[in-house]
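Descriptive analysis of the structure
Chain by chain, the residues run as shown.
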Amino acid sequence: MSIDAAAFKKGMRHLAASVTLITTRHDNVRGGLTATAVCSVSAEPPQILVCVNKTASAHDPIGEAGFFCVNILCPEHRKLAERFAGMDGVEGDERFQDMGEWTTLTTGAPVLTGCPVSFDCKLVTKLSAGTHTIYIGEIVDVALHETATPLLYADGCFVHGDALKKAAQAA
Ligand SMILES: Cc1cc2nc3c(=O)[nH]c(=O)nc-3n(C[C@H](O)[C@H](O)[C@H](O)COP(=O)(O)O)c2cc1C
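**Digging into the site of the ligand**
Lining the immediate surroundings of the ligand are 17 residues, of which T34, C51, N53, S57 and R95 lie closest. For the ligand, an oxygen atom lies 3.2 Å from a polar atom in the backbone of F84. Coverage of the ligand by the protein amounts to 77% of the 630 Å² it exposes when considered alone. Among the cavities detected, the one that contains the ligand is the largest pocket. Counting residues per element, the ones that place at least two in the shell around the ligand are β3 (29–35) and β5 (47–53). Within the shell around the ligand, the residues separate by chemical class into 10 nonpolar, 6 polar and 1 charged.

Shown next, in the form of structure tokens:
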């Protein structure tokens, strides 16, 4: 017997997480989503995983393109996080058009400039898991931005990483 989805979601609100944008490009069309179900897998080889809902518009393009980028967001990217979570009604490639500065590294997946870090990945494994697919990527390139702090998500709210830093320093 497992718990129901509502109880699961209620409990998961207590797991604070860094907010990321998962991006890809397939048939020269960019796609992406906001995601917090992201986790490191191994250092050698360097691998990271992301869990993507099978109904998300970027789900199939990631699998078909065979590459994706994990952009770890900072507080300045909050509006982008809302957009790629489908909160402003803008869809598909249009999500990239008038918000954020975009470049590429090795794979061709869209890389958002100014992130604390962006991991450019080639897809090595995909696992079906209920409503989601676990995509495991091997990191083939990275963009680091030492000074940036992360945007977090906890208890249903976006939290600025630097607010936590200040609270810790004050404690
Ligand atoms: C903070 C936050 C975290 C999310 N994390 C995930 C995630 O890890 N995996 C996922 O598939 N969707 C996640 N979502 C939902 C997707 O961002 C959303 O459904 C997205 O817009 C995909 O749908 P669409 O591209 O088809 O509109 C998250 C949404 C928010 C606001």
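After that view of the structure, there is still more to cover.
**Description of the layout of surface pockets**
Looking at the largest pocket, its volume works out to about 1300 Å³. What lines the largest pocket is a set of 34 residues, among which F8, T36, A37, C51 and H132 lie closest to the centre. Secondary-structure elements contributing two or more residues to the lining of the largest pocket are α1 (5–12), β3, β5, β10 (132–144) and β11 (151–154). For the lining of the largest pocket, the element with the most residues is α1, which contributes 5 residues.

Thresholds applied
- Residues numbered from 1 in each chain as written.
- Predicted model: local features only at pLDDT ≥ 70, side-chain atom pairs only at ≥ 80, totals over all residues.
- Heavy atoms only, no water.
- Near = heavy atom within 4 Å.
- Polar contact = N/O pair within 3.5 Å; in protein donor to acceptor, adjacent residues only side chain to side chain.
- Areas by Shrake-Rupley, 256 points an atom, 1.4 Å probe, with all protein chains shown as cover.
- 1 Å grid on protein atoms, 1.4 Å probe; cavity = no way out; pocket = protein on both sides within 12 Å on 5 of 7 lines; lining within 4 Å.
- Sits in = over half its atoms within 2 Å of the grid points.
- Helix = DSSP H or I, 4+ residues; strand = E, 2+ residues; numbered from the N terminus.
- Nonpolar A, V, L, I, M, F, W, Y, C, P; charged D, E, K, R; others polar.
- Points joined across faces, edges and corners; volume = space filled by probe spheres on them.

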